[in-house]
Amino acid sequence: DAGVIQSPRHEVTEMGQEVTLRCKPISGHDYLFWYRQTMMRGLELLIYFNNNVPIDDSGMPEDRFSAKMPNASFSTLKIQPSEPRDSAVYFCASSLRRSFGYTFGSGTRLTVV
Amino acid sequence: GQQLNQSPQSMFIQEGEDVSMNCTSSSIFNTWLWYKQEPGEGPVLLIALYKAGELTSNGRLTAQFGITRKDSFLNISASIPSDVGIYFCAGQLIGNNDMRFGAGTRLTVKP
């Protein structure tokens, strides 16, 4: 199994631009999570899906952030417009059950200048 | 309330020494997990604990789920340079299944 695959690994963009982060979860995993990691705030849950349906998006910072999961093998996290304070590492994770350990992708390091 | 307090924040130890870190909370958890994160990578699951009092080992790593369900510890015996990284605890809250992560313990091992 290739694990959770995220792309791109690094993204540098200018303030105001749209950014799209992509994730392919492990096949058969019912849950998909998007996390943001910063030095100041650690790992923050942004949103999670169960069977492609968004369950809890209370962690999404503001309306500039949106996430979709059109099918079981693909999810996107979009930031529009991006701001410098969005700079962070964004992780996607998937799990078979809500109570099982999550498998994380390698992350996307986003820098907004 | 629902925060996880992970300590210590960082550790600098000599190769061969044992390491101990822990997480505590005022909330009750039904699952405790320990992850390790290396630079440029995502956290990797090391040990999962599902029962109060459970003691589980994975090689040189040992973790326990506290009897009160409010804490957990991770021990690493005979540390080696490749143990370097950030170790995170994570707990799943009883009732709503929300997963909370600790702030991490940054481990440095000097050869």
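The following refers to the structure shown. (Residues numbered from 1 in each chain as written. Chains lettered and ligands numbered in written order. Predicted model: local features only at pLDDT ≥ 70, side-chain atom pairs only at ≥ 80, totals over all residues. Heavy atoms only, no water.)

**Considering the overall build of chain A**
From N to C terminus, chain A includes zero helices and 11 strands. Taken from N to C terminus, the helices and strands of chain A fall in the order β-β-β-β-β-β-β-β-β-β-β. Here the C-alpha atoms of chain A give a radius of gyration of 13 Å, agreeing with the 13 Å that 2.2 N^0.38 yields for 113 residues. With respect to the three principal axes, the spread of C-alpha positions in chain A is 35 × 25 × 25 Å. Across the 113 residues of chain A, 48% fall into the buried class. Element-wise, carbon and sulfur atoms account for 49% of the exposed surface of chain A, whose accessible area totals about 5,600 Å². (Helix = DSSP H or I, 4+ residues; strand = E, 2+ residues; numbered from the N terminus. Rg over C-alpha atoms; globule rule 2.2 N^0.38 Å. Buried < 20%, exposed > 50% of the residue type's maximum accessible area, 1.4 Å probe, protein only. Areas by Shrake-Rupley, 256 points an atom, 1.4 Å probe, with all protein chains shown as cover.)

**Quick look at the environment of Ile79 of chain A**
Residues and elements named next belong to chain A. Looking at where Ile79 falls in the secondary structure, it is placed in strand β8 (residues 74–79). With a relative accessible area of 0%, Ile79 lands in the buried category. Expressed as a C-alpha distance, the spacing of Ile79 and Ser66, which sit 13 residues apart in the sequence, is 6.6 Å. Excluding residues that lie within four positions of it along the chain, Ile79 makes contacts with Gln17, Glu18, Val19, Arg64, Phe65, Asp86, Tyr90 and Leu110. (Contact = heavy atoms within 4.5 Å.)

**A closer look at the interface of chain A and chain B**
It is common to report an interface's size as the accessible area lost on association of the parts. Tallying the contact residues gives 14 residues for chain A and 17 residues for chain B. Across the chain A/chain B interface, buried area totals approximately 1,300 Å², and carbon plus sulfur atoms make up 50% of it. Our count for the chain A to chain B interface comes out at zero salt bridges. Our count for the contact surface shared by chain A and chain B stands at four residue pairs in polar contact (both at pLDDT 80 or more). Partitioned by chemical class, the residues of the side of chain A that touches chain B number seven nonpolar, five polar and two charged. (Buried area = accessible area lost by both parts, 1.4 Å probe. Salt bridge = Lys/Arg side-chain N within 4 Å of Asp/Glu carboxyl O. Polar contact = N/O pair within 3.5 Å; in protein donor to acceptor, adjacent residues only side chain to side chain. Nonpolar A, V, L, I, M, F, W, Y, C, P; charged D, E, K, R; others polar.)

**Details of the sheet that holds strand β3 (residues 19–24) of chain B**
Residue and element names in this part refer to chain B. Pairing in this open sheet of five strands is antiparallel, and the strands run β1-β3-β8-β7-β6 from one edge to the other. Strands at the two margins of the open sheet, each flanked by one partner only, are β1 (5–7) and β6 (55–58). Direction aside, neighbouring strands of the sheet carry axes that sit 15° apart on average. With six bridges joining them, β3 and strand β8 (residues 71–76) adopt antiparallel strand pairing. The partner of Val19 across the bridge, within β8, is Ile76. (Pairing = 2+ DSSP bridges. Axes fitted to C-alpha atoms, helices over the stretch in contact; angles between N-to-C directions.)

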